[in-house]
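# Coordinate analysis (summary)
In case you want the letters, here they are:
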Amino acid sequence: MSMSPRRLLAVARKEWIQIRRDTRSLALAFGLPLFLLIFFGYAIQLDVEDIQLGVLDRSRSQESRQLLESFEASDLFDVAARMASDREIEDALTRGDVRAVLQIPPDFARDLGRGEASVQLLLDGSDANTATLALTYAEALATEFVRARSGVGAVGIEPAVRVWYNPTLESRNMIVPGLVAVIMSVIAGLLTALTIAREWERGTMEQLIATPVQRLEVILGKLLPYLVIGLLDVAFTVVCGVLLFDAPLRGSVALLAVLTVVFLTGALGFGIFVSAALRNQLTALQAALLGTMLPALLLSGFLYDIDGMPLVLKAVSYLVPARYFITVTRGIFLKGVGIDVLWPEALFMVGFAVLGLTMATRSFKKRLA
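Residues numbered from 1 in each chain as written. Predicted model: local features only at pLDDT ≥ 70, side-chain atom pairs only at ≥ 80, totals over all residues. Heavy atoms only, no water.

Next up on the list: the overall build of the protein chain. Each helix and strand in the protein chain was counted, giving 15 helices and four strands. Looking at the protein chain residue by residue over its 369 residues, the buried ones come to 46%. Once local pairs closer than 6 in sequence are excluded, the contacts in the protein chain between residues at least 24 apart make up 79%. Carbon and sulfur atoms provide 61% of the accessible area of the protein chain, an area that totals close to 18900 Å². (Helix = DSSP H or I, 4+ residues; strand = E, 2+ residues; numbered from the N terminus. Buried < 20%, exposed > 50% of the residue type's maximum accessible area, 1.4 Å probe, protein only. Contact = heavy atoms within 4.5 Å. Areas by Shrake-Rupley, 256 points an atom, 1.4 Å probe, with all protein chains shown as cover.)

This brings us to the packing of aromatic side chains. Given two aromatic rings, one states the distance between the centres and the angle between the planes to describe the pair. This structure, assessed with the given rule, holds five aromatic pairs. Aromatic pair Phe 35 and Phe 39: ring centres 5.8 Å apart, planes at 15°, arrangement stacked. With a gap of four residues between them, Phe 35 and Phe 39 both fall in helix α2 (residues 23–43), about one helical turn apart. Owing to a relative accessible area of 51%, Phe 35 belongs among the exposed residues under this scheme. (Phe/Tyr/Trp six-rings, centres within 6.5 Å; stacked < 30°, edge-to-face > 60°.)

Below, the discussion takes up the pairing of strand β2 (residues 77–82). Residues in a regular strand project their side chains so that they alternate between the two faces of the sheet. Of the pairings in the sheet, the one linking strand β1 (residues 51–57) to β2 comprises five bridges and is parallel in character. Bridge pairing in β2 places Val 55 opposite Arg 82. Taken together, β1, helix α3 (residues 62–73) and β2 form a β-α-β motif whose crossover is right-handed. (Pairing = 2+ DSSP bridges. Right-handed = clockwise from strand over helix to strand, strands pointing away.)

Next up on the list: the pattern of salt bridges. By the definition in use, this model includes six salt bridges. Glu 72 is paired through a salt bridge with Arg 82; the nearest N and O atoms lie 3.6 Å apart. Note that Glu 72 is positioned in helix α3 and Arg 82 in strand β2, a separation of ten residues in sequence. Overall, the relative accessible area of 39% leaves Glu 72 in the partly exposed class. Of the charged contacts, one joins Asp 97 and Arg 95 as a salt bridge, the two residues approaching to 2.8 Å between their closest N and O atoms. Judged by its relative accessible area of 38%, Asp 97 is partly exposed. (Salt bridge = Lys/Arg side-chain N within 4 Å of Asp/Glu carboxyl O.)

Functional significance is not addressed by these values, which are geometric in nature.
And the structure:
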């Protein structure tokens with residue numbers, strides 16, 4: 001018996017009626033994406049500003065004061081403490097009153113005139129990210145100050161640096177497109193994790209089994225309403241990301257929509273597979289959450305660079321669909337690239353969609369046992 005569009009749409013209509021009656025599904029579908037976008041968008045901040053800086057100025061010269069003024073004039077450091085001894089430095093770093101301490105030696109003014117001045121920066125390494133950024137910022141400020149005062153480097157090659165795609169290096173421009181992929185990974189899995197399990201718990205599975213509808217028609221019929229909801233969620237998340245966080249959207253919206261459909265098909269199929277295999281809403285919800293959120297956050301390249309991961313985790317990341325969708329969203333948002341660049345990710349997501357539908361169809365059995 002061939003697949004019937006009429007039976008498929010009948011299953012889809014039935015599922016849509018259940019969604020409208022289920023407040024949990026509606027809350028998950030429309031409330032959770034907005035909450036996650038706002039929460040993660042504001043909570044995850046990789047940019048570091050106003051680093052608390054302590055100062056021990058042993059030079060007490062006009063040149064050392066000008067150096068400190070250059071630090072204070074930037075938005076990167078906030079001089080929070082003036083120190084008089086090494087003991088004060090240790091106490092301030094131990095208590096966490098400052099993140100870094102700038103030590104200026106007694107002969108700073110004389111050495112600056114010779115073009116060989118140096119200063120020491122002590123860092124609190126308990127926060128490696130802040131310490132690394134503080135070191136980079138301080139080196140840049142000190143180098144620029146010494147070059148301007150001593151004339152060293154005035155003749156020669158001066159590097160001209162230009163950052164493409166994210167000129168201001170704002171982390172939100174990287175985070176927001178990635179959030180679209182992460183949020184939809186989680187939402188898609190959670191929504192469909194309730195579908196088949198709900199039929200079993202409510203005792204309506206017997207009626208569904210008694211109908212002539214095929215297994216693939218059941219899976220596609222239950223998937224279609226959530227696919228529409230997922231597309232609406234993505235559209236809403238993209239609009240909010242652009243309006244609330246000023247994220248650039250330089251690429252094709254149509255291409256983003258097409259690849260979103262491909263990704264959502266696989267993610268929704270995975271949720272239905274979990275639901276059909278476990279037959280319990282709570283257990284299926286927990287399994288879907290575990291199988292989507294943690295990999296999407298930790299192994300997709302959203303927060304951590306995949307190239308810097310251990311070899312084993314790098315290999316596992318190839319099995320995480322969100323990895324490819326994040327590349328797609330960032331490529332379309334920031335670089336404005338097309339399918340000529342994103343076709344490898346598109347192929348992986350097509351494979352994931354086929355696998356998700358196959359697993360869901362095979363796990364759904366039209367029998368009570």
